[in-house]
Amino acid sequence: MRELGDGRLGGKNCSVGAIPYAQGTKFRLWAPAAHKVAVVVEGKDLRYPLKAEEDGYFSSLLQEVRVGSLYRFSLDGGEAFPDPASRYQPEGSHGPSQIIDPGSYVWSEAEANWPGVSIEGQVLYELHIGTFTPQGTFLSALHEFSRLRDLGITLLECMPLAEFPGNVGWGYDGVDLFAPFHRYGRPDDLRRMIDAAHQLGLGVILDVVYNHLGPDGNYLGKYSEHYFSDKNTDWGNAINFDGENSKPVRDFFLANVTHWIDEYHFDGLRLDATQSIHDTGSHGIHIIAEIGDCVRASSNGRKTIVLAENEPQDACLIRSVEQNGYGLDAVWNDDFHHSAVVAVTGRREAYFSDHLGHPQEFISAAKYGYLYQGQYYSWQQHPRGTSSLDIGAKAFITFLENHDQIANFGKSQRLRLISSPSRYRAMTALWLLSPGTPMFFQGQEYGARTPFHYFAGHTGELAAAVTRGRGSFMLQFATQDTPEMKLCAANPEDPETFRQSQLDPSEQERHPEIVQLHTDLLTLRRTDPVLSRRDCRVDGAVLGRSCFVLRYLTSSREDRLLLVNFGVGLDLPHLPEPLTAPPAGCEWRVQWSSEWPLYGGCGSYVPDRFGPWHVTGESTQLLVPVKTSAPFSPESPKSGFTSSDSN
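Computed from a prediction, not measured in an experiment: that's the story for all the values here. (Residues numbered from 1 in each chain as written. Predicted model: local features only at pLDDT ≥ 70, side-chain atom pairs only at ≥ 80, totals over all residues. Heavy atoms only, no water.)

> I would appreciate a short explanation of the nonpolar core in the present structure.
Across soluble globular proteins, nonpolar side chains have a tendency to be buried as a group. By size, the foremost hydrophobic cluster in this structure holds 143 residues, and its most contacted members are Phe-27, Leu-156, Met-193, Tyr-210, Phe-266 and Leu-269. It is helix α6 (residues 247-264) that provides the largest number of residues to this core, a total of nine residues. In terms of nonpolar packing, the next biggest core, distinct from the first, is built from 14 residues, Cys-547, Trp-588, Trp-613 and Leu-623 among them. (Core = buried A, V, L, I, M, F, W, Y, C linked by side-chain atoms within 4.5 Å. Buried < 20%, exposed > 50% of the residue type's maximum accessible area, 1.4 Å probe, protein only. Helix = DSSP H or I, 4+ residues; strand = E, 2+ residues; numbered from the N terminus.)

> What exactly am I supposed to notice about the side chain of Asn-333 here?
Its location among the elements puts Asn-333 in the loop between β21 (330-332) and α8 (334-345). For Asn-333, the side chain forms a polar contact with the main-chain nitrogen of Asp-335, separated by 3.1 Å. Residues within four places of Asn-333 in sequence aside, it is in contact with Gly-369, Tyr-370, Phe-396, Ile-397, Thr-398 and Phe-399. (Polar contact = N/O pair within 3.5 Å; in protein donor to acceptor, adjacent residues only side chain to side chain. Contact = heavy atoms within 4.5 Å.)

> Looking at this model, I keep getting lost on helix α9 (residues 359-368). Mind explaining?
An α-helix turns once every 3.6 residues. As a result, residues three or four positions apart point the same way. Burial runs high along α9: seven of the 10 residues are buried. One or two steps after α9, the chain reaches Gly-369, where phi turns positive at roughly 80°.

> Would you mind going over the pattern of salt bridges with me for this structure?
When their charged atoms lie close together, side chains carrying opposite charge are able to pair. Tallied over the entire structure, the rule returns 33 salt bridges. Between Arg-87 and Glu-263 there is a salt bridge whose closest N-O contact spans 3.3 Å. Taken together, the residues span a long stretch of sequence, with Arg-87 in the loop between β10 (80-81) and β11 (97-98) and Glu-263 in helix α6 at a distance of 176 residues. Note on accessibility: Arg-87 and Glu-263 belong to one class, buried. Here Glu-309 and Arg-270 are joined by a salt bridge, their closest N and O atoms 3.3 Å apart. Taken together, the residues Glu-309 in the loop between β20 (305-308) and β21 and Arg-270 in strand β19 (residues 268-271) connect sequence positions 39 residues apart. Judged by its relative accessible area of 14%, Glu-309 falls in the buried class. Through salt bridges with shared partners, one network takes in Glu-157, Asp-207, Arg-270, Asp-272 and Glu-309. (Salt bridge = Lys/Arg side-chain N within 4 Å of Asp/Glu carboxyl O.)

> How should the pairing of strand β15 (residues 176-180) be read in this particular structure?
A regular strand carries its side chains on alternate faces of the sheet. Burial within β15 is extensive, with five of its five residues counted as buried. Pairing of strand β14 (residues 162-163) with β15, which is carried by two bridges, proceeds in the antiparallel orientation. Residue pairing across strands places Ala-162 opposite Pro-180, the latter belonging to β15. (Pairing = 2+ DSSP bridges.)

> Help me understand the sheet that holds strand β4 (residues 24-30) in this model?
Within a sheet, adjacent strands bond to each other through the backbone by hydrogen bonds, running parallel or antiparallel. The antiparallel open sheet is built from four strands, whose spatial order is β3-β4-β8-β7. Two strands lie at the open edges of the sheet, namely β3 (17-21) and β7 (51-52), each paired on one side alone. Of the pairings in the sheet, the one linking β7 to strand β8 (residues 57-62) comprises two bridges and is antiparallel in character. Its bridge partner lying in β8, Ala-52 is registered against Phe-58.

> What is the right way to look at the sheet that holds strand β25 (residues 437-441) in this model?
Here we have eight strands rolled up into a closed barrel, ordered β12-β13-β16-β19-β20-β21-β24-β25, and parallel in their pairing. With strand direction ignored, the average angle separating the axes of adjacent strands in the sheet is 30°. The sheet contact formed by strand β12 (residues 124-127) and strand β13 (residues 155-158) spans four bridges and is parallel. Bridge pairing in β13 links Leu-127 to Cys-158. (Axes fitted to C-alpha atoms, helices over the stretch in contact; angles between N-to-C directions.)

> I keep staring at the packing of helix α11 (residues 421-433) against helix α15 (residues 512-527) and nothing clicks. Help me out?
Any two packed helices are characterised by the angle at which their axes cross and by the distance between the axes. Where α11 contacts α15, the axes come no closer than 9 Å and their chain directions differ by 25°. In terms of orientation, α11 and α15 fall into the roughly parallel class. Handedness of the crossing formed by α11 with α15: right-handed. Contact with α11, carried on its side by Arg-425, Thr-428, Ala-429, Trp-431, Leu-432 and Leu-433, involves Leu-517, His-518, Leu-521, Leu-522, Leu-524 and Arg-525 of α15 and no other residues of that element. (Parallel < 35°, antiparallel > 145°, perpendicular 65-115°, else oblique. Left-handed = near helix turned anticlockwise from the far one by under 90°.)

> Which parts of the structure should I look at to understand the packing of aromatic side chains?
The relation between two aromatic rings is expressed through the spacing of the ring centres and the mutual angle of the planes. Taken as a whole and assessed by the stated rule, the structure comprises 39 aromatic pairs. For the ring pair Phe-164 and Phe-181, a centre distance of 3.9 Å and an interplane angle of 15° mean the geometry is stacked. Of the two residues, Phe-164 is situated in the loop between β14 and β15 and Phe-181 in the loop between β15 and α4 (187-199); the sequence distance between them amounts to 17 residues. The class for Phe-164 is buried, based on a relative accessible area of 0%. (Phe/Tyr/Trp six-rings, centres within 6.5 Å; stacked < 30°, edge-to-face > 60°.)

> Is there a simple way to think about unusual backbone geometry in this case?
Excluding glycine, residues mostly have negative phi values, and the peptide bonds linking residues are mostly trans. Positive phi outside glycine occurs at Ala-350, with the angle close to 50°. For Ala-350, a relative accessible area of 5% corresponds to the buried category. Its identity as a non-glycine residue notwithstanding, Glu-618 has a phi of 45°, on the positive side. With respect to the helices, strands and loops of the structure, Glu-618 is situated in the loop between β31 (613-615) and β32 (619-627).

> How should I be thinking about the environment of Glu-157 in this particular structure?
Turning to its location among the elements, Glu-157 is positioned in strand β13. Look at Glu-157 and you get buried, because its relative accessible area is 0%. With 87 residues separating them along the chain, Glu-157 and Leu-70 place their C-alpha atoms 31 Å apart. Not counting residues within four places of it along the chain, the set of residues in contact with Glu-157 comprises Leu-124, Tyr-125, Glu-126, Leu-127, Ile-205, Asp-207, Arg-270, Leu-307, Trp-332 and Met-439.

> When you look at the side chain of His-511 in this model, what are you seeing that I'm missing?
Residue placement: His-511 occurs in the loop between α14 (495-501) and α15. Leaving out residues up to four positions away in the same chain, His-511 has contacts with Arg-416, Tyr-446, Gly-447 and Arg-449.

> Would you mind showing me how to read α8 here?
In this model α8 runs 16 Å from its N-terminal to its C-terminal C-alpha over 12 residues, within 8% of the 16 Å that 1.5 Å per residue would give. Along its buried surface, α8 packs onto β21, α9, β23 (382-384), β24 (396-398), α10 (403-407) and α11. Here α8 starts with a cap whose side-chain oxygen sits 3.1 Å from the backbone nitrogen of Asp-335, and that cap is Asn-333. In the stretch just after α8, Gly-346 is the one whose phi turns positive, near 80°. (Expected span 1.5 Å × (residues − 1).)

> What should I look at first to understand the environment of Ile-153 in this one?
Tracing the backbone shows Ile-153 in the loop between α3 (145-151) and β13. The spacing of Ile-153 and Val-67 is 86 residues in sequence and 37 Å in space, taken between C-alpha atoms. Setting aside its immediate chain neighbours within four residues, Ile-153 contacts Val-123, Leu-124, Tyr-125, Leu-148, Leu-202, Phe-440 and Leu-522.

Structure below.
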């Protein structure tokens with residue numbers, strides 16, 4: 001156990017919640033409107049008063065209350081509520097809190113040498129603990145980690161784990177921010193999961209929600225009205241980071257940051273919907289920047305990363321403090337996803353309507369990250385984004401699937417199921433061989449056919465309201481606003497909706513060609529001497545309506561050419577584009593193709609094999625230069641077609 005005085009809050013000598021020591025348990029709570037606060041021990045009808053501190057805090061070291069005890073806090077002799085900083089809620093968000101000793105878990109010897117993670121070279125994998133395995137627990141999840149490591153995954157991103165109401169949910173309506181969801185396992189089970197990941201060389205970061213709390217089981221307002229502001233979010237009142245009495249609120253959330261990084265050894269955080277984290281700067285530093293500082297200060301010397309979701313695409317999140325930014329490491333890049341969806345499905349509606357899926361979008365995404373950096377955005381009828389032309393590609397997380405985007409599209413189907421197989425392979429290759437930092441969504445790596453619905457476990461009128469709200473949200477897609485599609489809408493509160501969203505482990509063996517595709521692409525990304533260098537310059541050129549090249553330029557003759565065609569086979573008898581020419585004294589050779597038969601393809605060949613370029617339809621090829629002493633001499637076609645045949 002900790003020695004007395006070792007409690008920490010945001011890197012300061014302070015503690016919140018129930019912290020066990022050798023002498024007993026220290027309780028500390030902020031309740032500025034209360035005159036008296038007592039700890040109520042469950043099942044013993046005992047109340048222990050806490051002493052008032054300055055600034056609305058109450059605390060005491062209680063020798064009689066020990067690890068494992070269940071308790072609540074009572075204000076001014078009234079009803080008792082769970083601890084806002086509860087480390088565990090064994091009976092759910094409405095039940096009593098339990099005293100947990102964070103020092104009881106014995107970390108492996110290897111953990112002492114774990115260096116942490118930086119954003120460079122990462123391949124992320126987003127997972128939802130409740131649906132990742134049939135058991136839906138921390139301990140069952142860890143048995144999948146060696147498989148992911150062998151695939152080429154380097155960093156796991158867990159969807160929110162903080163206690164939320166009901167038996168199932170996504171976790172974005174959490175209410176006990178310090179307590180891992182009780183149905184996933186006990187706190188030490190989570191520590192064991194992270195420990196096991198680190199032993200395999202996998203980092204683990206946590207998705208946290210600091211913009212609002214869920215509507216059910218949220219007792220923060222019982223302790224102070226100052227936890228929330230009158231600034232609204234799409235999901236409820238925003239957190240008060242800048243208004244009256246906001247300093248203790250900031251300290252509470254910074255304590256939560258320290259909790260996950262220090263007590264659980266997470267390697268960083270992903271901040272949900274940062275556009276709804278409001279701060280006018282009244283404390284001299286934006287709370288998002290302070291969260292990043294707190295992550296780094298809490299890591300005990302390990303490297304950490306902080307990612308962000310930001311719908312308006314504000315590049316200040318990933319600019320340094322010296323550049324008036326917040327100093328985070330990376331952001332999710334929705335623009336790449338939206339262009340990819342349009343390119344492989346042809347669907348352009350709702351928030352996909354400002355993307356065309358054209359070649360220039362993918363070239364620009366490879367070079368500059370965000371596509372919208374201040375231009376007018378028709379869907380929202382105002383400009384979107386800020387300039388990020390000077391920010392490196394590693395700061396942009398790219399993906400073909402994530403939890404939101406699967407659930408929001410049609411019948412919550414996987415992208416490969418609503419695209420042609422060859423076009424999906426071509427897009428996968430572009431995604432994994434592009435300069436951005438890629439992120440998988442659970443099951444994508446082996447071609448899972450299971451949907452990922454929006455599901456929740458509310459009851460009564462709240463359940464009905466959530467179902468109505470979800471139905472209204474989906475109507476932004478015109479194709480969903482039809483009688484036949486409304487019949488297909490999954491009820492978030494139906495247990496079957498959750499069951500359908502659980503991965504089926506038997507699928508891991510059904511599509512070996514998809515596993516091979518991802519394995520080989522990640523191997524190329526990691527081992528190719530040019531692709532693995534993230535400092536080489538990337539340029540691109542449009543060759544046709546659905547065809548383009550990305551060229552990885554080096555100072556030697558080691559360039560790489562990624563040739564992408566999402567349309568039909570294309571003949572290019574005239575090719576006035578220097579990016580397609582091989583380096584001097586070299587000719588192109590196909591090093592990799594999405595149309596190779598081991599991936600389910602129908603074959604492809606170097607585009608100038610017969611002289612004028614022919615680009616295979618719905619394919620991506622990686623071309624490498626090989627030295628040649630003889631002038632290029634095209635083959636005479638013995639079968640198939642020539643460019644003149646197609647005129």
